[in-house]
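Single-letter residue listing:
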Amino acid sequence: MTAVATTTQVADLVRNVGGGRVDVHGILPPNADPHGYEPRPSDAKALTDADVVFQSGGDLDTWLDEVVDSAGGHAQRVTLIDSVTTIKGKDQHGGEETDPHWWQDPRNAVLAVAAIRDALVKADPGGRAGYERRAAAYTSRLRSLDAEVARCMERVPAAKRKLVTTHDALGYFANRYGIEVIGAVIPALSTQAQPSAKDVQQLVDQIKREGVEAVFPEASLSRKLEQAISREAGAEVGGQLWADTLGPKGSSGATYLDAIGANASTLADGMSGGRVSCGFSR
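1. Re the sheet that holds strand 1 (residues 2-5)
Inference 1: Taken together, four strands build an open sheet; the order of strands is 2-1-3-4 and the sheet is parallel. Whereas interior strands pair on both sides, the edge strands pair on one side only; in this sheet they are strand 2 (23-26) and strand 4 (76-79). Each adjacent strand pair in this sheet contributes to an overall mean axis angle of 20°, direction not counted.
Inference 2: Relative to strand 2, strand 1 runs parallel, the two sharing four bridges. When the sheet's bridge partners are listed, Thr-2 is paired in strand 2 with Asp-23.
Inference 3: The sheet contacts of helix 4 (residues 106-123) involve strand 3 (52-55) and strand 4, and relative to strand 3 the element is tilted by about 165°.

As C-alpha cells, then:
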C-alpha cells in the first residue's frame, strides 16, 4: 500500500504506524519550510498513485489542494489537525487563527497516531493487526517522551522559562510544559510574514525587560536576525530548534522523537544558562 504525507513530521508518524507494509512518500524533504513550499510535478504523480494522503492541516500545507486538483486519483485524504487539540495564535496581520504546529505537543502526536492507524486500517483492512500493534508501541514511546520532557522542563526555574524564537511555532510546546512565549523574530505563525523595524525594536526591549537568557533560532532558517537581536538585547544565541521540519538522517532532529527531545534539551540548557542539562535517548 502507498501513502503520501505532506510534512516531515507527518511522514515520520505514518512510517511508525505503517511499518514495512506501507510505502510512505513524504512530499517535503528534511529542512524544507512547509509555509513557502512550491509543489513539483512529481508530487502530483505521487498523489495519483496513493491509497491514502495524510495532510498536517491548518495554513501550513494548504498547497496540497493545488496538487490534489492536478493529480486526480481517488485516495482517502486525512487532515490530522482535525483529530488533535488546537490552540490559537497570531496571523501575519495581527489577527487570531488556529495554530497549525500541533505536533509540538506530544499528546497531539498520540491523537494523530490514532487517526493514522484508523485511516490505514480503513484503506487496508488486512493489515489491521500490524497497524494496531505498531500504533500501540509507538504511542507508548510518545507518552514516555512527553513525561521525560515534562521532567526536564520542570528542572528549569519557572522564572527562566521564557521563549523567544524565529517565528511563533512552539506555542503548543510552551503551553504543554509551562513556558512563557515572550515573542518571536517573525511575530506570526507563518515564516512568510516579515518583521518590521518597529517589531524588532519592541522585541529587543521586551527581551531586556523580561531578562530572557537566550534567543533560539530555527534549524531550517537563517539565524542572522536572531544574532543581531541577541547582541542588541544582551542575550545569548541559544541552540537551534526543530520547528516546522525534521532534519536529515544523522541530525539531532532526524525523527519526531529525536526532534522533540533535542528541543527540550536545547531549551533547558539555554534558558538556564547551562545549569540544567537533559539528555534523551530514543
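2. Observations regarding the nonpolar core
Considering soluble globular proteins, one finds that nonpolar side chains tend to be buried as a cluster.
Inference 1: In this structure, Phe-54, Leu-80, Trp-102, Met-153, Phe-173, Tyr-256 and Leu-267 are the most contacted members of the largest nonpolar core, which totals 58 residues.
Inference 2: Among the secondary structure elements, those contributing two or more residues to this core are strand 1, helix 1 (8-18), strand 3, helix 4, helix 5 (128-154), helix 6 (171-177) and helix 9 (256-271).
Inference 3: The residues contacting Leu-267, other than those within four sequence positions of it, are Met-153, Leu-163, Leu-170, Phe-173, Ile-179, Phe-216 and Leu-241.
Inference 4: The next biggest cluster of nonpolar side chains, apart from the first, holds 14 residues, and it includes Ala-32, Ala-44, Leu-47 and Ala-71.

3. Some remarks on the environment of Ile-207
Inference 1: Counting through the fold element by element, Ile-207 comes out in helix 7 (residues 197-210).
Inference 2: With a relative accessible area of 2%, Ile-207 lands in the buried category.
Inference 3: Here the alpha-carbon distance between Ile-207 and Ala-219, two residues 12 residues apart in the chain, equals 21 Å.
Inference 4: In this structure, Ile-207 is in contact with Val-164, Val-212, Val-215, Ile-229, Ala-233 and Ala-235, ignoring residues within four places of it in sequence.

4. Digging into the packing of helix 4 against helix 5
Think of two packed helices as two axes; the pair is described by the angle between the axes and how far apart they sit.
Inference 1: Running from N to C, helix 4 and helix 5 point in directions that differ by 175°, and their axes come no closer than 9 Å. Between helix 4 and helix 5, the interaxial angle falls into the category roughly antiparallel. Along the contact surface, helix 4 presents Pro-106, Arg-107, Ala-109, Val-110, Val-113, Arg-117, Leu-120 and Val-121, while helix 5 presents Arg-128, Tyr-131, Glu-132, Ala-135, Tyr-138, Thr-139, Leu-142, Arg-143 and Asp-146.
Inference 2: Of the residues contributing to the contact of helix 4 with helix 5, the split by class is 10 nonpolar, one polar and six charged.

5. Here's the deal with the pattern of salt bridges
Inference 1: In the structure shown here, the tally under the stated rule is 11 salt bridges.
Inference 2: Salt-bridge contacts for Arg-40 lead to Asp-43; the nearest nitrogen and oxygen are separated by 3.3 Å.
Inference 3: Judged by its relative accessible area of 41%, Arg-40 falls in the partly exposed class.
Inference 4: According to the relative accessible area criterion, Asp-43 is buried, its value standing at 0%.
Inference 5: Notably, a salt bridge pairs Glu-213 with Lys-160, separated by 2.8 Å at the nearest N-O pair. Of this pair, Glu-213 sits in the loop between helix 7 and strand 9 (214-215) while Lys-160 is found in the loop between helix 5 and strand 7 (162-167), placing the two residues 53 residues apart along the sequence.
Inference 6: On the basis of relative accessibility, which here comes to 29%, the residue Lys-160 falls in the partly exposed class.
Inference 7: A cluster of three or more residues bridged by salt bridges with shared partners is formed by Lys-160, Glu-213 and Arg-275.

What counts and what doesn't
- Counting restarts for each chain: residues are numbered from 1 in the order of the written sequence.
- Side-chain atom pairs in this predicted model are given and counted only at pLDDT of 80 or more, local residue features only at pLDDT of at least 70, and totals for whole chains, interfaces and linings cover all residues.
- Excluded from the side-chain calculation are hydrogens and water; included are all heavy atoms of the structure.
- Being paired, for any two strands, means DSSP has found at least two bridges between them.
- Each helix corresponds to a stretch of at least 4 residues labelled H or I by DSSP, and each strand to a stretch of at least 2 residues labelled E; elements are numbered beginning at the N terminus.
- Axis angles are defined between N-to-C directions and span 0 to 180 degrees, where every axis is a line fitted to C-alpha atoms and, for a helix, only to the segment in contact.
- Contact criterion: two residues are considered in contact whenever any of their non-hydrogen atoms come within 4.5 Å of each other.
- To form a nonpolar core, buried Ala, Val, Leu, Ile, Met, Phe, Trp, Tyr and Cys residues must be joined to one another through side-chain atoms within 4.5 Å.
- Partly exposed residues are those whose accessible area sits between 20% and 50% of the maximum for their type, while under 20% is buried and over 50% is exposed, using a 1.4 Å probe and protein chains only.
- With respect to orientation, any angle under 35 degrees is reported as roughly parallel, any angle over 145 as roughly antiparallel, any angle of 65 to 115 as roughly perpendicular, and every other angle as oblique.
- Polarity classes work like this: nonpolar for Ala, Val, Leu, Ile, Met, Phe, Trp, Tyr, Cys and Pro, charged for Asp, Glu, Lys and Arg, and polar for all others, with Gly in that last group.
- For this document, the term salt bridge refers to a Lys or Arg side-chain nitrogen within 4 Å of an Asp or Glu carboxyl oxygen.

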